[in-house]
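Coordinate analysis (summary)
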Amino acid sequence: MSYRVINGKLYSLEDFSKYTAKENKNNNASFESILAKEINKKDSFSISNHAAERLRDRNIFLNESDMSKLNEGINKASEKGAKESLILYKDIVFVASIKNRTIITAVDKSSSKNNVFTNIDSVVLL
């Protein structure tokens, strides 16, 4: 299950299933839905179920400020053309798919020792 962050709050994508984009007669997405999607793209990201479980298991809670900083890190990596990025924020390591705007996994400082992160093309320090 994935989550979407809106204004620093986590929402399950299932919550938005009733708000699907309306399509016109030609089965193309309407201009308004495409525009809204592009505008919101830089303001939100998803957290994978795996990452959410790891955060919850380690009692790591992110507030609106934390979410904003992570979004800023994803935006910076995207501007530089990154695809998969390791984001260091406070004592937490996040691995993110920049293309999909999704946090794939999260590792805290104590459990990150002796780990190897592969398939990463960039590192963002926040």
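It should be emphasised that the depicted structure is a prediction, and the values quoted were computed from it without experimental measurement.

Some remarks on the nonpolar core
Phe45, Ile47, Ile87, Phe94 and Ile103 are the most contacted members of the largest nonpolar core, which has 21 residues in total. Of all elements in the fold, only α2 (49–57), α3 (64–79), β4 (84–89), β5 (92–97) and β6 (102–108) reach the threshold of two or more residues within this core. With residues up to four places along the chain from it excluded, the contact list for phenylalanine 94 reads Leu55, Leu62, Leu70, Ser85, Leu86, Ile87, Tyr89, Ile103, Thr105 and Ala106.

Quick notes on the pairing of β6
The buried fraction of β6 amounts to 6 of the 7 residues, a majority that puts the element mostly inside the structure. Note: strand β3 (residues 46–47) against β6, 2 bridges, orientation parallel. Looking across to β6, one finds that serine 46 is bridged to threonine 102. One ladder, built from 6 bridges, connects β5 with β6; its direction is antiparallel.

Regarding the environment of aspartate 121
As for its position among the elements, aspartate 121 is in the loop between β6 and β7 (122–125). Taking C-alpha positions, aspartate 121 is 9.8 Å from alanine 77, a pair spaced 44 residues apart along the chain. A polar atom in the side chain of aspartate 121 sits 2.8 Å from the backbone nitrogen of lysine 83. Separated by 3.3 Å, the side chains of aspartate 121 and serine 122 make a polar contact.

A short note on the pairing of β7
By the alternation rule, side chains of β7 split into Ser122 and Val124, which are all buried, and Val123 and Leu125, of which none is buried. Relative to β7, β4 runs parallel, the two sharing 4 bridges. Bridge assignment links leucine 86 to a residue of β7, and that residue is valine 123.

Observations regarding α2
Residues that lie three or four places apart on an α-helix share one face, since the helix turns once every 3.6 residues. Within the sequence span of α2, burial applies to Ala51, Ala52 and Leu55. Angularly, the buried residues of α2 cover 100 degrees about the axis, an arc narrow enough to put them on a single face. Remark: asparagine 59 follows α2 within two positions and exhibits a positive phi of approximately 55 degrees.

Conventions and cut-offs
- Residues numbered from 1 in each chain as written.
- Predicted model: local features only at pLDDT ≥ 70, side-chain atom pairs only at ≥ 80, totals over all residues.
- Heavy atoms only, no water.
- Core = buried A, V, L, I, M, F, W, Y, C linked by side-chain atoms within 4.5 Å.
- Buried < 20%, exposed > 50% of the residue type's maximum accessible area, 1.4 Å probe, protein only.
- Helix = DSSP H or I, 4+ residues; strand = E, 2+ residues; numbered from the N terminus.
- Contact = heavy atoms within 4.5 Å.
- Pairing = 2+ DSSP bridges.
- Polar contact = N/O pair within 3.5 Å; in protein donor to acceptor, adjacent residues only side chain to side chain.
- Arc of directions from axis to C-beta.

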